[in-house]
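# Descriptive analysis of the structure
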Amino acid sequence: MSTQIDRYAVMGNPVAHSQSPLIHQLFAEQTQQAIHYEKILVPLDGFTEAVTKFFAEDGKGLNITLPFKHQALTLADEANDTAKISGAANTLSINTAGKIIANNTDGIGLVNDLKHHCHIEILKQRILLIGAGGAARNVIAALFAENPAQLHIANRSEHKSQQLRQHFASLGEISASGLDNIG
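Nothing here was measured: the structure is a model prediction, and the numbers come from that model.

## Side note on the sheet that holds strand 8 (residues 150–155)
Sheets are built from strands paired through backbone hydrogen bonds, the pairs being either parallel or antiparallel. Read across the open sheet, the three strands follow the order 7-8-9; overall the sheet is parallel. Edge positions in the sheet fall to strand 7 (126–130) and strand 9 (174–178), since each of these pairs with one other strand and no more. Within the sheet, the average angular offset between the axes of one strand and its neighbour, ignoring direction, is 20°. Inspection of the sheet shows strand 7 paired to strand 8 by five bridges, in the parallel sense. Residue pairing across strands places Leu129 opposite Ile153, the latter belonging to strand 8. Here helix 7 (residues 158–167) sits on the sheet in contact with strand 8 and strand 9, set at roughly 170° to strand 9.

Have a look at this one:
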């Protein structure tokens, strides 16, 4: 009797630095799951082909890293609200109907760490988010799901922090500034 080994991977460019295979293999051992998890270096112009091939070869799920998170969302047939709001996906899976499903788990991962490991309450708190790049974009919706009083985005380029403020303004009270004038 053979055990089915599910195949997972992280795709990116670069990807050699990723600790995902080790982390996921250790988690699989703790939860007694049989998986194979690998790193796949994807050519900058070959993301769609790499994802298509992975799922055609019975791959179950992918973690997506730079520079493909935006492209992952556009490749998907369906996406969770967080991926849609942030405009990026960090995971892709395939459902039984063969549809590619995109999720963005960056924000919920941060929120869970803050609440459960750091014992930091977000509800009604003022939050300072430093940076206005992809990581910031990916966590804002999850932070607002916890009902903070306010979020302030500070970045080297005030223009980028203002762009994020405008993009997410419908979620709640957001202010923005450069790093040199955090109010």
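## Some thoughts on the packing of aromatic side chains
For any pair of aromatic rings, the description rests on two quantities: the centre-to-centre distance and the angle between the ring planes. All chains considered together, the criterion is met by two aromatic pairs. Judged by centre distance (4.7 Å) and plane angle (10°), the ring pair of Phe47 and Phe68 falls under stacked. With Phe47 in helix 2 (residues 47–56) and Phe68 in the loop between strand 3 (59–64) and helix 3 (69–75), this residue pair connects regions lying 21 residues apart in the sequence. Pair check on accessibility: Phe47 and Phe68 agree, each one buried. Ring centres of Phe54 and Phe55 lie 5.4 Å apart, and the angle between their planes is 75°; this geometry places the pair in the edge-to-face category.

## Side note on the side chain of Asn155
By secondary structure assignment, the location of Asn155 is in strand 8. At 3.1 Å, the side chain of Asn155 and the backbone oxygen of Ser157 are in polar contact. Discounting chain neighbours no more than four positions away, the residues touching Asn155 are Gly131, Ala132, Lys160, Ser161, Ser177, Gly178 and Leu179.

## So, helix 6 (residues 134–144)
Burial of helix 6 is extensive: eight of the eleven residues sit out of reach of the surface. Listed in full, the buried residues belonging to helix 6 are Ala136, Asn138, Val139, Ile140, Ala141, Ala142, Leu143 and Phe144.

## Some points on the nonpolar core
For soluble globular proteins, the rule of thumb is that nonpolar side chains tend to be buried together. Grouped together as the largest cluster of nonpolar side chains are 21 residues, with contacts concentrated most on Met11, Phe47, Val51, Leu62, Ile64 and Leu92. No other element matches helix 2, which puts five residues into this core. Ignoring anything within four residues of it in the chain, the contact list for Val51 reads Met11, Leu62, Leu75, Leu92 and Ile100. If you look at the next biggest cluster of nonpolar residues, it comprises 17 residues, including Ala132, Ala136, Leu164 and Ile174.

## Here we look at unusual backbone geometry
A negative phi angle characterises most non-glycine residues, just as the trans form characterises most peptide bonds. Across the junction of Asn13 and Pro14, the peptide omega takes the value 10°, indicating a cis bond. As for its position among the elements, Pro14 is in the loop between strand 1 (6–12) and helix 1 (20–30). At Lys124, a position not held by glycine, the phi torsion is positive, near 65°. Position of Lys124 relative to the elements: it lies in the loop between helix 5 (106–117) and strand 7. Positioned with a positive phi, Asn147 is a non-glycine residue whose angle comes to about 60°. Mapped onto the elements of the fold, Asn147 is located in the loop between helix 6 and strand 8.

Conventions adopted
- Residues numbered from 1 in each chain as written.
- Predicted model: local features only at pLDDT ≥ 70, side-chain atom pairs only at ≥ 80, totals over all residues.
- Heavy atoms only, no water.
- Pairing = 2+ DSSP bridges.
- Helix = DSSP H or I, 4+ residues; strand = E, 2+ residues; numbered from the N terminus.
- Axes fitted to C-alpha atoms, helices over the stretch in contact; angles between N-to-C directions.
- Contact = heavy atoms within 4.5 Å.
- Phe/Tyr/Trp six-rings, centres within 6.5 Å; stacked < 30°, edge-to-face > 60°.
- Buried < 20%, exposed > 50% of the residue type's maximum accessible area, 1.4 Å probe, protein only.
- Polar contact = N/O pair within 3.5 Å; in protein donor to acceptor, adjacent residues only side chain to side chain.
- Core = buried A, V, L, I, M, F, W, Y, C linked by side-chain atoms within 4.5 Å.

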